[in-house]
Amino acid sequence: MGNMKYFHYKNGQLYGDNVSLTKIAKLIGTPFYCYCANAIIDRCNELKEAFSDIDVLIAYALKANSNQAIISLIGKQGFGADIVSLGELERAKRANIDGKKIIFSGVGKSEEELERALNLDIFCFNIESEAELIRLNNIAKKMGKIAPVSVRINPDIDAKTHAKISTGKSENKFGIPYKDALNIYKKIADNKNLNAIGIDMHIGSQILDLKPFENAFTLMEQLIISLRNEGHNISHFDVGGGLGIAHGQDEKEPDIRQYAKIIRRLSKKLDIKIILEPGRWLVGNSGALITKVEYIKNGANKNFIIVNAGMNDLLRPTLYEAHHDIWPILEVKNHNKMTADIVGPICETGDYMAQARLLAKVEQNDLIAIMNAGAYGAVMASNYNSRGLVAEILIYNDRFDIIRERQNIDELIRADKVPNWIK
Ligand SMILES: *Cc1c(COP(=O)(O)O)cnc(C)c1O
């Protein structure tokens, strides 16, 4: 397992780097997310290394994990940001990421968002529709600016990933159909406050097979050649994100050097700058969600391990039928196993972390770690069932810092206002 390097047993206890997770739990309680900074730094270096001889901008897709400490850490490695909202734009700014390294993606950019991004002189707007193109041109005109744009092309490729994270098929809401591409670039050329500088795609997330990428790149290559023949100055190709990670033992990560090799060939052939938008691949394996067993319940047909983390803390199993390995915090010396559903306290049947999982026998009050939860974990958390957002911890060698305080119930209730007429 890739992350055994960062999460490992020492003296019978699970550690993140050189910090005992039991120790953190004693100090701050459970549940909590913890991330190993070294796992993230190593990933950044691996990616930089693989692309070292390519003209590339690596823009971290903030939505995977937008804690300010994580963005700052990745920004410090020289990376830019791929953002999808005003909130993410402000986060990137406050993490000192240069506007010139910011890419704005997403299908629903509001006027306010476009205006702010224009003000910050971001590197590129990844346009997803003709209506967006017109809106951006109008705003840029009012501000006396020229907006650098790229069009997200939907290559109608099946990324062979879960339906809820597949984005590059014709039935998905994302991008502009491949066949309409030449037309839309013509329209951009007619809009004086837009400047087409690139082209982009993003076919999905958690993609473990490089073949769909290769197929999409081949299509995009032909399109780039056609666009250039028509006089459009396409100087970069943004290949999106989507590289998968091994969430469990039966998944195998794609080889990053192989991925780089495919892109290198393309980049050289077209003499084009490359933009990468990795999210999950950078942070996914760095994190775990630590939770406590509240009860063991033996149902009529199944055993349930009821833990204190729920689908409001980690939605992935419910939303994507995602697998997360589950490790006990105390190393199991005897080999007693049990098969159980690991479920949360939320009043929903869909509230589970794992189903029919064979794992080392655990007992009430034991701690367990839900592994590979660094991406699309904390960021998707909600207050459902009036549960406060959990704390987040960053471990670095033998130190750890709270990078997000646990949200207390007062804070949660205070945001609501009861009109006087009810009181
Ligand atoms: C979500 C997203 C990414 C990042 O996807 P990962 O699978 O986390 O790498 C990149 N680009 C766009 C446009 C996205 O929507």
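Residues numbered from 1 in each chain as written. Predicted model: local features only at pLDDT ≥ 70, side-chain atom pairs only at ≥ 80, totals over all residues. Heavy atoms only, no water.

### Some remarks on helix 1 (residues 21-28)
The complete set of buried residues in helix 1 reads Leu-21, Thr-22, Ile-24 and Ala-25. Projection of helix 1 onto a plane perpendicular to its axis shows the buried side chains occupying an angular sector of 160 degrees, all on one side. Across helix 1 from its buried face, at more than 90 degrees, point the exposed residues Lys-26 and Leu-27. Between the side-chain oxygen of the N-cap and the backbone nitrogen of Thr-22 there are 3.2 Å, and the N-cap of helix 1 in question is Ser-20. Immediately downstream of helix 1, the backbone of Gly-29 shows phi near 80 degrees, a positive value. (Buried < 20%, exposed > 50% of the residue type's maximum accessible area, 1.4 Å probe, protein only. Helix = DSSP H or I, 4+ residues; strand = E, 2+ residues; numbered from the N terminus. Arc of directions from axis to C-beta. Polar contact = N/O pair within 3.5 Å; in protein donor to acceptor, adjacent residues only side chain to side chain.)

### Some points on the nonpolar core
Grouped together as the largest cluster of nonpolar side chains are 104 residues, with contacts concentrated most on Phe-125, Ile-199, Phe-217, Phe-237 and Tyr-259. Of the domains in this structure, domain 1 (7-36 + 284-414) and domain 2 (105-278) are the two that each give at least three residues to this core. If near-sequence neighbours (up to four positions away) are discounted, Phe-125 is found in contact with Phe-104, Leu-114, Ala-117, Leu-118, Leu-136, Ala-147, Pro-148, Val-149 and Ser-150. Counting 21 residues, the second-largest nonpolar core is a separate cluster that includes Phe-32, Cys-34, Ala-39 and Ile-393. (Core = buried A, V, L, I, M, F, W, Y, C linked by side-chain atoms within 4.5 Å. Domains from an automatic or database assignment. Contact = heavy atoms within 4.5 Å.)

### Focus on the site of the ligand
Lining the immediate environment of the ligand, one finds 14 residues, of which Lys-63, Ser-205, Glu-277, Arg-280 and Tyr-376 sit closest. Side-chain polar atom of Ser-205 to an oxygen atom of the ligand: 2.3 Å apart, as the coordinates give it. Here the ligand loses 93% of its free accessible area of 390 Å² to cover by the protein chains. Taken together, the residues of the shell around the ligand sort by class into 3 nonpolar, 6 polar and 5 charged. (Near = heavy atom within 4 Å. Areas by Shrake-Rupley, 256 points an atom, 1.4 Å probe, with all protein chains shown as cover. Nonpolar A, V, L, I, M, F, W, Y, C, P; charged D, E, K, R; others polar.)

### Observations regarding the pairing of strand 8 (residues 124-127)
Of the two faces of strand 8, the one holding Cys-124 and Asn-126 and the one holding Phe-125 and Ile-127 are both buried throughout. Summarising the sheet, strand 7 (residues 102-104) and strand 8 pair through 2 bridges and their orientation is parallel. Directly across from Ile-103, in strand 8, lies its bridge partner Cys-124. Handedness of the β-α-β unit built from strand 7, helix 5 (residues 111-119) and strand 8 comes out right-handed. (Pairing = 2+ DSSP bridges. Right-handed = clockwise from strand over helix to strand, strands pointing away.)

### Focus on the domain arrangement of the protein chain
You'll often see interface size given as the accessible area lost when the parts meet. According to the domain assignment, the protein chain consists of domain 1 (7-36 + 284-414) and domain 2 (105-278). Taken together, the contacts link 11 residues of domain 1 with 10 residues of domain 2. Between domain 1 and domain 2, a total of about 880 Å² is buried, with carbon and sulfur atoms accounting for 49% of that surface. The largest share of the area that domain 1 buries against domain 2 comes from Asn-285, Tyr-320 and His-323, three residues that together contribute 46% of it. The class makeup of the residues in the side of domain 1 that touches domain 2 is 3 nonpolar, 5 polar and 3 charged. (Buried area = accessible area lost by both parts, 1.4 Å probe.)

### As for the packing of helix 7 (residues 181-190) against helix 8 (residues 211-229)
Helix-helix packing is characterised by the crossing angle of the two axes and by the distance between the axes. With their axes 10 Å apart at the nearest point, helix 7 and helix 8 run at an angle of 40 degrees to one another. Taken together, the axes of helix 7 and helix 8 are oblique relative to one another. Crossing handedness for the pair helix 7 and helix 8: right-handed. Seen from helix 7, the contacting residues are Ala-181, Leu-182 and Tyr-185; seen from helix 8, they are Leu-223, Ser-226 and Leu-227. Its residues assigned to classes, the contact of helix 7 with helix 8 shows 5 nonpolar, 1 polar and no charged. (Axes fitted to C-alpha atoms, helices over the stretch in contact; angles between N-to-C directions. Parallel < 35°, antiparallel > 145°, perpendicular 65-115°, else oblique. Left-handed = near helix turned anticlockwise from the far one by under 90°.)

### Topic: the sheet that holds strand 3 (residues 19-20)
The antiparallel open sheet is built from 3 strands, whose spatial order is 1-2-3. Two strands lie at the open edges of the sheet, namely strand 1 (7-10) and strand 3, each paired on one side alone. By the bridge criterion, 2 bridges tie strand 2 (residues 13-16) to strand 3 in an arrangement that is antiparallel. Bridge pairing links Gly-16 to Val-19 in strand 3.

### Structural notes on a nonpolar patch on the surface
A cluster of nonpolar side chains, Val-418, Trp-421 and Ile-422, forms an exposed patch at the surface whose accessible area comes to about 390 Å². Here Trp-421 lies in the segment after helix 12 (409-414). We classify Trp-421 as exposed; its relative accessible area is 74%. (Patch = residues over 30% accessible without salt bridge, like charges linked within 9 Å, V, L, I, M, F, W, Y side chains within 5 Å. Salt bridge = Lys/Arg side-chain N within 4 Å of Asp/Glu carboxyl O.)

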